[in-house]
Amino acid sequence: MNGPPLVIYGAMRRWSPQHFRATLQGYFLPASVVAMAGYWFAGLWVPAVTRYFLMSLPIALPAIFIGRMINHRLRGDAFLKYVHAGLVCVGVVLLIQAIRQK
């Protein structure tokens, strides 16, 4: 199961931003580790993947802390508005991609 269904479920349950973040992290960390292990066993983990991963760390690490600060400042209703806006954006992008592929 990918991100949008989990986000929709969390939004329907009206989780607090902190609960939302903790739950999604608790799912995506092990799922990502298992996926990376699968890529490695399949021979898809090549040196370029490691290079790109290392190149992303200078951006990803500060983003984690900025996200944590924003997460602690948001309250229920404002947070849900951002969640819904994000889901609409993902839906629009997927719709545009589907239309262009025809």
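Placed above this text is the structure.
Every value quoted in this text rests on a predicted model; they were computed, and no experiment measured them.

S.K.: Could you give an account of the overall build of the protein, with specific residues and numbers?
M.R.: When its secondary structure is counted, the protein shows four helices and zero strands. For the protein, the sequential pattern of α-helices and β-strands runs α-α-α-α. Computed over C-alpha atoms, the radius of gyration of the protein comes to 16 Å, more than 25% over the 13 Å expected from 2.2 N^0.38 for 102 residues, which places it beyond the range of a compact globule. Taking the principal axes of its C-alpha atoms as reference, the protein extends roughly 45 × 40 × 20 Å.

S.K.: With reference to specific residues and values, describe the packing of helix α2 (residues 17-41) against helix α3 (residues 47-73).
M.R.: The interhelical angle for the contact between α2 and α3, taken along N-to-C directions, is 145 degrees, at an axis separation of 9 Å. Crossing hand, α2 versus α3: right-handed. Of the residues in α3, those touching α2 at Pro17, Gln18 and Arg21 are Ile64, Arg68, Asn71 and His72.

S.K.: Pulling in residues and values, what's your account of α3?
M.R.: Compared with the 39 Å implied by 1.5 Å per residue over 27 residues, the 39 Å span of α3 between its first and last C-alpha is a close match. At Leu57, α3 shows its maximal kink, close to 45 degrees; a proline, Pro58, follows between one and four residues later.

S.K.: Mind laying out the pattern of salt bridges, listing which residues take part and the relevant values?
M.R.: Applying the stated rule across the entire model yields one salt bridge. The closest approach of N and O atoms between Arg14 and Asp77, which form a salt bridge, is 3.2 Å. You can see Arg14 sitting in the loop between α1 (3-13) and α2 and its partner Asp77 sitting in helix α4 (residues 76-100), a full 63 residues away along the chain. Relative accessible area serves as the criterion here: at 54%, Arg14 is assigned to the exposed category.

S.K.: Please provide a residue-by-residue account of the environment of Val90, values included.
M.R.: With respect to the helices and strands, the residue Val90 is situated in helix α4. We classify Val90 as partly exposed; its relative accessible area is 37%.

S.K.: Residues and numbers for the nonpolar core, please.
M.R.: One finds Leu6, Val7, Ala11, Trp15, Phe20, Leu24, Leu74, Phe79, Leu80 and Val83 forming the largest nonpolar core, which totals ten residues. Those elements giving two or more residues to this core turn out to be α1, α2 and α4. When residues no more than four places from it in sequence are discounted, the contact partners of Leu24 are Leu6 and Val7.

S.K.: How would you explain α2 if you had to name every residue and give the values?
M.R.: Note that an α-helix has 3.6 residues per turn; residues three or four places apart therefore point the same way. The terminal C-alpha atoms of α2, which comprises 25 residues, lie 36 Å apart, in line with the 36 Å expected from a rise of 1.5 Å per residue. All buried positions along α2 are accounted for by Pro17, Phe20 and Leu24. Tucked into the core, α2 has its buried residues touching α1, α3 and α4. Following α2 by one or two positions, Gly43 adopts a phi angle in the positive range, close to 80 degrees.

The rules we used
- Residues numbered from 1 in each chain as written.
- Predicted model: local features only at pLDDT ≥ 70, side-chain atom pairs only at ≥ 80, totals over all residues.
- Heavy atoms only, no water.
- Helix = DSSP H or I, 4+ residues; strand = E, 2+ residues; numbered from the N terminus.
- Rg over C-alpha atoms; globule rule 2.2 N^0.38 Å.
- Axes fitted to C-alpha atoms, helices over the stretch in contact; angles between N-to-C directions.
- Left-handed = near helix turned anticlockwise from the far one by under 90°.
- Contact = heavy atoms within 4.5 Å.
- Expected span 1.5 Å × (residues − 1).
- Bend = angle between axes of the 7 residues up to and from the residue.
- Salt bridge = Lys/Arg side-chain N within 4 Å of Asp/Glu carboxyl O.
- Buried < 20%, exposed > 50% of the residue type's maximum accessible area, 1.4 Å probe, protein only.
- Core = buried A, V, L, I, M, F, W, Y, C linked by side-chain atoms within 4.5 Å.

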